[in-house]
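Next come the chains, spelled out residue by residue.
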Amino acid sequence: QFLYFIGTMKQGAALLLLLIVRSQAVELKNEVVSLWYSEGEVGKGCVRGNGTKELEECKGSMTLGVMGRMPLQEGTVVYLRGLEDSYNLVECATLQIINAFITCKIREVAVTGTYRVLLGTDPQEAFITFTPGTAVHKLIYDSQHCVPLSPAPACEPGSIIAFKGTGLQNVKKVSLKPACGEPGWCTILHATQTRITCRMEYSLADGEGASNCEPVLPVVDVTLSTGNSVIEIPQNIAVLGPPQIAKLGYDTGCNGAMGVHIDGCRPNTVVTILGSFLSIGDGSSVVTLSGRTGTANCTVLASSFGRIQCLLETSSAGTFFLYVISAGGRSEELATLSTSSLPAVTSLSVESGCTGGNNTLGLLSCANGTVMSFHGQGLEGNVQVEFNSNEDECRCQVVSLLPVPSCMLLCSERTTKVVLRAIVRVSGIRTKEDVTVEYVEPPKVNGVSGPCGGNKDTRGQISLFGCKNTQLITVHGRGFYSSSTVHLVSMFLGADRPETIETHPSLNETWCHVQANLSTASQLICQLSYLNLPKPDVDLYAVVVRSLGGFSETFLDATSKSIPLITLEPQPSIQSIVGCIRPHETLLEVCVMKDRGLLSIQGNGFRKGASMVEFNKAPVKAKKEVDDVDAQTDGALQEIQGLIEGAKSSVFKENEPIPLCSIQLSSPTFISCTIESKEAYGSYDVRVVAPGGVFSVPEGVTILQKPIIAAVTGCLGNEDPKGLRQQVVVQDGGWENAVAMMGMQKRTQQTCRNGDAITITGSGFGDNTKANVSISSNINTQLVNFTTTAVTDEMIIIQLNHGKLRGEHKIAVHTEGGDEVYSNSIDLVPNPAVHTLVSIDCFTHKTTGIECKSGSIIELLGDSFNDLQAVKLVKTDNQSVMAPCVIMNATDAKIRCRVKHSYESGRFYPKVVTTGGSAAHSTMLNLIPLPRIRSIVYKAAGHCREGNNTRAVSGCMSGTTLTIVGDNFGSNPVVTLKAGGAGGKNGPPECWVMEITENMIICRLDHTSAAGAFETYVRHAYGESEKALISVIPGNLYLLLKNTKLVLAVSNIVGWICTVVWTGSLAMLAVSNEINKSTAGVATDMVVYNALGLLCWSAYVIYFYVYPELGVPIIIQDVLYPILTYLVVLLFISQLWRFGGQGVTSFAKAYCFALVLFLMRKAISEGSVSSPDFVSTLARIHLACAVVKYMPQVHLNWVRKSTEGYSIAAVWLDFAGGALLLLQMFFDGVIRHKWSLMITLNFPKFLLCCEVIMFNLIYAFQHYFLYGPVPPIGKQEPSPRDSYREPLFTDSLIKKRPKRSSDCDDNTLP
C-alpha cells in the first residue's frame, strides 16, 4: 500500500511532466528511482539496500520490485546484465505493473555476481549483487562400484560419489541417515563452488539386526551441512555390500540347534539363511557349498535383502562351507553345514522289560510294554518301526524321537512267545540292518488260596479275608518262573491311585516271600511277612505277580473281577501317647492328664471304627524303680516318690468307678479320645483293643483331680453378710442447700480394694507350682494384677494390686487338673488419686501460700472418685485435727467442695475418701479462721446497764467505749451492728474502731435515736464472727451525734469539691496548650510520670472500693478522680504528638523502666495480681511517680527562666485540691474520734496531699517572685528570654513536630 501510494504520487507528477514535454514536443526516457525486494521470503531476497538503487547479497529465484520515474507501458520487461560479462543477460519475468512500479520474478537460481538493471532496453544506474546459496542439482556415482537400481542406485561402502550444485564450497559435512541400521557419513575429498566429491563410509548392522530393511536394500537420506543450515539432496542412495551370513536354520531334516553351523542335514532339506546384503531383489543371488570331499548344490527358492531359502541337493555326507554370491560380492567363510548319509541301526537298548540282548541287535525275553531305543546313524526324522508278523499280534508304537527314537512293544493277549524281526524306516528310507526281539507273555493270576477266610467279597472275586502275618498262601495261574515275585498292592480308592502298576510305591517291598522249591509254572507258594503296612487306612490288597513277561496286571482297575484281593489284619502297637500336660517322651514315663482332657495314642494296627481305648486300675506297687533317673532334678525325684506313696495308699474297691475315654477320632495309626474321669483319679493302665489284638501300657496315664472353689473371702462384702451397702448422695446446687439422702443398694458381690487379701478355699489346688489364679473382667479379657502369698491343696491367698481397674470381675483357679471359675463376681474399686488442686476463690500469698477462708470453694482433679464418701482437710502437724470440705458436686475425675471451718487455723492438706481407699494431695491450704467474740467489756460506769464481760450487753448510750474480746480479729477488722430479732429501730448504730489487736477491738458507739438490741459482728477480709448482742438507748450525747452526721456530710462535700478542682487543674493546663497550640511550657517527663502513676492509682482505688472488707476506706470520689485525670493525661499525650515537646529524658525512661520491672517482680513473687499485697504495691508505684513528677516542671521553669506556657490558674487549682483533700482526711479522723486515723488509714493519700501543696507553692514562687508575672500575649517586651518564648508560638511548632523524641537533646527546648 505504501508503494502504491508513492506510485500514485509519482504518477501525478509524471503526467504533469508528460503534458509539459508533449506541449514542448520534447521526448524523455524513463529512469529507475529505487529497487525493492520482499523481506517476507525466507531464504530469498537480499541482505540490504531495500529502497535504494543498489541491492546487495541477493539470492537467486527472488521477487524484484522496480520503481520508475514515469508510468510504465504495458509489456515492459526488466533485464539484468552482468558488469563483467555484458553478454550474460538474465530476464526478470514480469508479474504486475502498477503505474510507475513493476514487480518481476528472477527464476535463475545459480545467478551470481553484480548486474546492471535494464528497464526495457535502457540501461539504468541501478545494480544488484547476487551471492549464490548452497544447492544440489545432481548426483554422480561410479558405475563400477554402484548398481543402477530403482528408485535409488546401490553403492558399496568406499564408493566415490559426487554432487553438482551451487555454493558447495561452504559444505562442512555429508551425512548418511538410513531408515534402518547405524548412521554413516561421506568423507569429503574435494569441494568447489559447483561440485563436491566424497567417499562413502558406511556399515550396516549384521545378521538379524538388518532384517528390518527387508525386502529391499537399505536406502539412506543424504544431507549436506554448512554449519548454519542443512540441505537434503533430491535423490537417495541405497547401500550395497558383500553378503553377510548371521544364522542358518531349518524346519525339519537336520539335527542340533540353529546357528552358523547345523549338523545332520539330509537331502531335500530346505535351509534358511539369515543375514544382510544377501540379495538386491533381482534374483541373481547364488548359494554354493564347498568341502573337502566335493561340492553340493542348494537351489535358491526365495531371496531378499536379509533372507534366502534354498533346497539342499546332495547324496554324499560331509561338512561344507556355505557361501552366498550376490551383486555385492561373496560372503566370508563363516557358515558351515554337515550332511548325513543313509540311516542305519547299530544297537537296541532297554531300561527294563527284557532279560538279555541289551545294546545289541537282538533283545531276549521282552515283556509286553517294553520301551526299546534305537541307536545308529541317520535316525533323525520321521521314524517308523514294523514287525514281520501280523498286525494284530505285535506292534511297536513310537513314543519319542529325541534324543534317540524309541517305541513300546505291544502284543495281544493270545500271543505267548515269539521272535519278531523289526524293520526301521526313517523318512521312508529303510535302514541297512534289521533287528530281532523275543517276546515273552506276561504272568496270569487266576486265584489265591490259603488258611484265611474264603470267598466273601460281594463282587464275587476269589479272595482271602483276615490273613495274618507268617501264614502261607498259594497263587494260581500261568507264566510263572523261579525268579517270579509276589506283591501285595494296596487298592487306592482316592485320586492318588497310580495309573500303572510300575508306578505303585508298594513295589519297593515284598510282603509275600516265594518258596522257590515249592513253586511251579502254574502256582507260587509264598509266606506273608509284614510289620507295618504302607497304607494303614486301607486293608484291601491286590495279589500281583512279577515274572519275565512283566506284571500279571499292567493296569490297576478297581472294578476288574480278575484281580484277586485279600485283607490283612495287623497286630496293634502303641508307639507314643500324646496330649499329656507334662513333658512325656517315652512310654516308660507316666502321662499326666486332666478330666475332659484329649488323649491321643499313636501307633499301628488300629482299625478305624473297630478299636477302643480302655483304662484298668493299676495294681498296688510297694516300690518303684528309679535307678534310671539319676540325671533328673530333685523336684522330679520328689514327684516320683509322691507317686510311690500314692500307689502304696491306693486300695482296690469293687465298685470303684473307672474312667472312660470316648473316641473322637480314629485311624489305623492314630486314636484320639476324651477322658471322662467320673470322679475317679489316680494311675491307670492304658490298652488299645483292635481286631488284630490288644496292646497295653502299664500305668500309662495318671488322671488329676479338677480344682473346686468353695468360697472366696477377704473383701468388704464379708463384713456385710446381707449384701447391703450404704451410699450417700449430695444434691448439686450449692453447699448451703445440700441435702444428704441415704440410700440402700443390694450387693450381690464383694467389694475389693487395692491391697485387700483374698482367701480362696476349696480342693484340688495342688501346690504353688501347679496352681494359678486369674481375675478377669466380665466385660473384656483384661487381667488383674495381684500377688500370690500362699498356696496349699485347699487354700490360696492373694493380695490385690489392680491399680485403676474397676467393675465386676471373675476369679478362676487353673491347675493341671482343669479350670474352675467362681460363681460369684467380685467388685473391684480402685484407689482414688488427686492430681491437681484448683483454688476457686482462695488467695495466693507469697509466703503463706494459698489462704482459704471458711466458705471458699476448691476443686480436686484426679481419677477414681466414684463411691465418694468424704473430703477432709487434715492438719499437717496434727493429723487428728480435721476440717470438713462439704461436697457440692463430684464426678469420677473432679470434686468441687466448699471449705467449712470456723476457728481452725494452720496448714492443711486435702484428703479424698472413697470406698476404694483414700488419697491426699501435697498442696497445702492455709486456713484463715473466722473472728470469734468471746465477751464485750465496757469501762465507764453508767454507760451500759448490764452484761459486762458477756456476749450480750444492754442499755448502752452513744459515746460508750466498748472492748470486744475474742480471737482471730486480724489487722483491719470492722465492727458492724445489724437490726436483729430483738427489735432494734432507728439504727443501726456505728461502733467506730479506735484500737486493734489480734484478740481485742476498742470501739466507740455512735448513734442518735437508735434504740433496741442489735446483732453485733466482727468482720475481716475472710469472714465474720458469730453474732453478739448490744442493746442501745438514746442519751445525753444526741447533739454530739447530730454534729457528727453534719461533719460527715461536710466531709463528703469537701471530697467532691476536691475531685472537681483537682481534675480541673490538669484540664486548665490542657486548655492552655490548645489555645497556644504548643506544649513547650509543659515538661514531657511530668506527663509520662502522670500516665504511669495514675494508671496504678486507678487500679488501687478500684480494687479496694470493690472489696471494702479489706479495711481500706475508699469512697466514690477516690475512684472518679484518677479515672477523670487519666483521661486528661491521654489528651496531654495527643497534644505532645500534635504540637511536639521536649522529649522524654533518659532519667525518666530509666526510672519508669525500673518501676515497671519492680512491679513485674512483685507479681511473680506473689503468684497472683489479685492479692492485696500486690495491689498495695500499685499505690507505692503511684507514690514513687508522684514524688518526682513535679521536679521536671520546676527544672524546666528554671532552665527557661520563665513560667510562660504553664498556666498559673492550674497551679492554684492543684494547690486547692491538695488542701481540700487534706481537710477531708481531717474530718474523717474527727468522725472516728481519733485524729491519728487521718494518717494511718490511707498513708499514701496523706503524702500525696503534702507533696501537691509543697510543689505548687514552688511554682507560685517561681511565677511571682523569681521570674515575675507573665504579661498578656502581644504586649511582651523584648528580653533575653525571648529565645525561649519564641518556639511556643512559631509556625514550626504549630505545623511540624519532631519525628521521634530522640531527635532533640534532653536539655534542648524546641
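Residues numbered from 1 in each chain as written. Predicted model: local features only at pLDDT ≥ 70, side-chain atom pairs only at ≥ 80, totals over all residues. Heavy atoms only, no water.

Asks: Looking at this structure, I do not really get the environment of Val-33. What am I missing?
Replies: Within the secondary structure layout, Val-33 lies in strand E1 (residues 32–37). Residue classification places Val-33 among the partly exposed residues on the basis of a relative accessible area of 21%. Sequence separation of Val-33 and Ala-100 is 67 residues, and the distance between their C-alpha atoms is 9.7 Å. Those residues in contact with Val-33, other than ones at most four positions away along the chain, are Lys-53, Met-67, Gly-68 and Arg-69. (Helix = DSSP H or I, 4+ residues; strand = E, 2+ residues; numbered from the N terminus. Buried < 20%, exposed > 50% of the residue type's maximum accessible area, 1.4 Å probe, protein only. Contact = heavy atoms within 4.5 Å.)

Asks: Mind showing me how you'd approach unusual backbone geometry here?
Replies: Trans peptide bonds make up most of the peptide bonds, and negative phi angles are found at most residues other than glycine. Positive phi values are uncommon outside glycine, yet Phe-277 reaches one of about 55°. Here Phe-277 shows up in the loop between strand E21 (270–276) and strand E22 (286–291). Classification of Phe-277 by relative accessible area gives buried; the value is 5%. With a phi angle near 60°, Ser-864 is a residue other than glycine that sits in the positive phi range. Mapping Ser-864 onto the fold places it in the loop between strand E68 (857–863) and strand E69 (868–875). Taking the relative accessible area as the measure of exposure, Ser-864 reaches 4% and is therefore buried.

Asks: Honestly, the sheet that holds strand E46 (residues 573–578) in this entry has me stumped. Any pointers?
Replies: The strands making up a sheet are joined through hydrogen bonds of the backbone, oriented either antiparallel or parallel. Spatially, the 4 strands line up as an open sheet ordered E46-E48-E51-E50, and their pairing is antiparallel. The sheet terminates laterally at E46 and strand E50 (660–667), the two strands that pair on one side only. Ignoring strand direction, the axes of neighbouring strands in this sheet form an average angle of 25°. Pairing between E50 and strand E51 (residues 670–676): 7 bridges, direction antiparallel. Paired with Ser-667 across the bridge in E51 is Phe-670. (Pairing = 2+ DSSP bridges. Axes fitted to C-alpha atoms, helices over the stretch in contact; angles between N-to-C directions.)

Asks: Explanation requested: the sheet that holds strand E52 (residues 682–690) in the structure shown.
Replies: Read from one edge of the open sheet, 4 strands run E47-E53-E52-E49, paired in mixed fashion. At either margin of the open sheet sits one strand with a lone partner, and together these are strand E47 (591–594) and strand E49 (612–617). Strand-to-strand twist of the sheet, defined as the mean angle between neighbouring strand axes without regard to direction, takes the value 40°. Relative to strand E53 (residues 693–704), E52 is paired through 8 bridges, and the arrangement is antiparallel. Bridging from a neighbouring strand, Tyr-684 pairs with Val-701 of E53.

Asks: Sorry, what's going on with empty space enclosed by the protein here?
Replies: Over the atoms rolls a probe the size of a water molecule, and in doing so it shows where empty space is left. What the rule picks out here adds up to 5 cavities of 30 Å³ or more. Estimated volume of the largest cavity: approximately 180 Å³. Lining the largest cavity are 18 residues, with Ser-1065, Leu-1066, Lys-1189, Tyr-1190 and Asp-1214 sitting closest to its centre. Of all the secondary-structure elements, those providing two or more residues to the lining of the largest cavity are helix H3 (1038–1076), helix H4 (1084–1106), helix H5 (1116–1139), helix H7 (1172–1189), helix H9 (1208–1231) and helix H11 (1243–1266). Sorting elements by how many residues they give to the lining of the largest cavity places H3 first, with 4 residues. Residues that form the lining of the largest cavity fall into these classes: 11 nonpolar, 5 polar and 2 charged. (1 Å grid on protein atoms, 1.4 Å probe; cavity = no way out; pocket = protein on both sides within 12 Å on 5 of 7 lines; lining within 4 Å. Points joined across faces, edges and corners; volume = space filled by probe spheres on them. Nonpolar A, V, L, I, M, F, W, Y, C, P; charged D, E, K, R; others polar.)

Asks: How should I be thinking about the confidence of the model for the protein in this particular structure?
Replies: Reading fine detail from the predicted coordinates is not recommended where pLDDT is low. Of all residues in the protein, 77% attain a pLDDT of 70 or more, and the chain-wide mean is 75. Ranking the helices and strands of the protein by mean pLDDT puts strand E3 (residues 63–68) first, with 92, and helix H12 (residues 1282–1289) last, with 34. Contacts of residues 646–653 to residues separated by more than four positions or lying in other chains number 10 contacts, the stretch itself having pLDDT below 50. Scored below 50 in pLDDT, residues 718–748 shows 48 contacts in the model against residues more than four places distant or in partner chains. (pLDDT = per-residue confidence, 0-100.)

Asks: Hey, could you run me through the side chain of Thr-272 in this one?
Replies: Here Thr-272 lies in strand E21. If sequence neighbours within four positions are ignored, Thr-272 has contacts with Lys-247, Leu-248, Gly-249, Arg-307, Ile-308 and Gln-309.

Asks: What exactly am I supposed to notice about the pairing of strand E83 (residues 1028–1032) here?
Replies: Consecutive side chains of a regular strand alternate in pointing toward one face of the sheet and then the other. Burial runs high along E83: 4 of the 5 residues are buried. Relative to E83, strand E76 (residues 952–956) runs parallel, the two being bridged by 3 bridges. Bridge pairing in E83 places Ala-952 opposite Leu-1029.

Asks: Would you explain the pattern of salt bridges in this entry?
Replies: Side chains carrying opposite charge are able to pair once their charged atoms draw close together. A full pass over the atoms with the stated rule returns 15 salt bridges. When the shortest N-O distance is used, the salt bridge between Glu-201 and Arg-199 registers 2.9 Å. For the salt bridge of Lys-1027 with Glu-1015, the shortest nitrogen-to-oxygen distance reads 3.3 Å. Highlighted residues: Lys-1027 in the loop between strand E82 (1023–1024) and E83 and Glu-1015 in strand E81 (residues 1012–1020), separated in sequence by 12 residues. Its relative accessible area of 14% is what places Glu-1015 among the buried residues. (Salt bridge = Lys/Arg side-chain N within 4 Å of Asp/Glu carboxyl O.)

Asks: How should I be thinking about the packing of aromatic side chains in this particular structure?
Replies: Two aromatic rings are characterised by how far apart their centres lie and by the angle between their planes. One pass over the full model with this rule turns up 14 aromatic pairs. Each ring, one from Phe-615 and one from Tyr-684, has its centre 6.3 Å from the other, and the planes form 55°; the classification is tilted. Here the residue Phe-615 occupies a position in strand E49, and Tyr-684 occupies one in strand E52, the gap between them amounting to 69 residues. Judged on exposure class, the residue Phe-615 and its partner Tyr-684 are both buried. Ring centres of Tyr-1103 and Phe-1104 lie 5.3 Å apart, and the angle between their planes is 90°; this geometry places the pair in the edge-to-face category. Of the two residues examined, Tyr-1103 and Phe-1104, each falls in the buried class. Within the aromatic cluster, the residues linked to one another by ring pairs are Trp-1097, Tyr-1100, Tyr-1103, Phe-1104 and Tyr-1107. In this structure, Lys-978 packs its charged tip against the face of Tyr-1017, placed 5.1 Å from the ring centre. (Phe/Tyr/Trp six-rings, centres within 6.5 Å; stacked < 30°, edge-to-face > 60°. Lys NZ or Arg CZ within 6 Å of the ring centre and 35° of its normal.)

Asks: Would you mind showing me how to read the nonpolar core here?
Replies: Core analysis: the biggest nonpolar cluster contains 60 residues, and Tyr-1100, Phe-1104 and Phe-1132 have the highest contact counts within it. Sorting the residues of this core by element identifies H3, H4, H5, helix H6 (1146–1166), H7, helix H8 (1191–1200), H9 and H11 as the ones contributing at least two each. With 12 residues, H4 is the single largest residue contributor to this core. (Core = buried A, V, L, I, M, F, W, Y, C linked by side-chain atoms within 4.5 Å.)

Asks: Hey, could you run me through the pairing of strand E43 (residues 540–547) in this one?
Replies: The buried fraction of E43 amounts to 6 of the 8 residues, a majority that puts the element mostly inside the structure. Bridge count for strand E40 (residues 485–490) against E43 is 6 bridges, and the pairing is antiparallel. Its bridge partner being in E43, Leu-488 is matched across the sheet by Val-543. Pairing analysis gives 3 bridges linking E43 to strand E45 (residues 565–568), with the strands arranged antiparallel. By the bridge assignment, Ala-542 is partnered in E45 with Leu-565. Here E43 runs beside strand E44 (residues 550–551); their pairing, made up of 2 bridges, is antiparallel. Residue pairing for E44: Ser-547 is matched across the bridge by Gly-550. Turn length for the E43-E44 hairpin, with the two strands adjacent in sequence and antiparallel, is 2 residues.

Asks: Honestly, the packing of H4 against H5 in this entry has me stumped. Any pointers?
Replies: For any two helices packed against each other, the geometry is given by the interaxial angle and the distance between the axes. Closest axis-to-axis distance for the H4/H5 pair is 9 Å, and the angle between their directions is 155°. With respect to H5, the element H4 is oriented roughly antiparallel. When the axes of H4 and H5 are compared, the crossing they make is left-handed. Contacts between H4 and H5 involve Thr-1084, Val-1087, Asn-1090, Ala-1091, Leu-1094, Leu-1095, Trp-1097, Ser-1098, Val-1101, Ile-1102 and Tyr-1105 from the former and Ile-1116, Asp-1118, Val-1119, Tyr-1121, Pro-1122, Ile-1123, Thr-1125, Tyr-1126, Val-1129, Phe-1132, Ile-1133 and Leu-1136 from the latter. Considering only residue class, the contact of H4 with H5 consists of 18 nonpolar, 4 polar and 1 charged. (Parallel < 35°, antiparallel > 145°, perpendicular 65-115°, else oblique. Left-handed = near helix turned anticlockwise from the far one by under 90°.)

Asks: Where do I start with H5 in this structure?
Replies: Think of an α-helix as 3.6 residues a turn; residues three or four steps apart then line up on the same face. Compared with the 34 Å implied by 1.5 Å per residue over 24 residues, the 35 Å span of H5 between its first and last C-alpha is a close match. Positive phi appears at Gly-1140, one or two residues downstream of H5, with a value of about 90°. (Expected span 1.5 Å × (residues − 1).)

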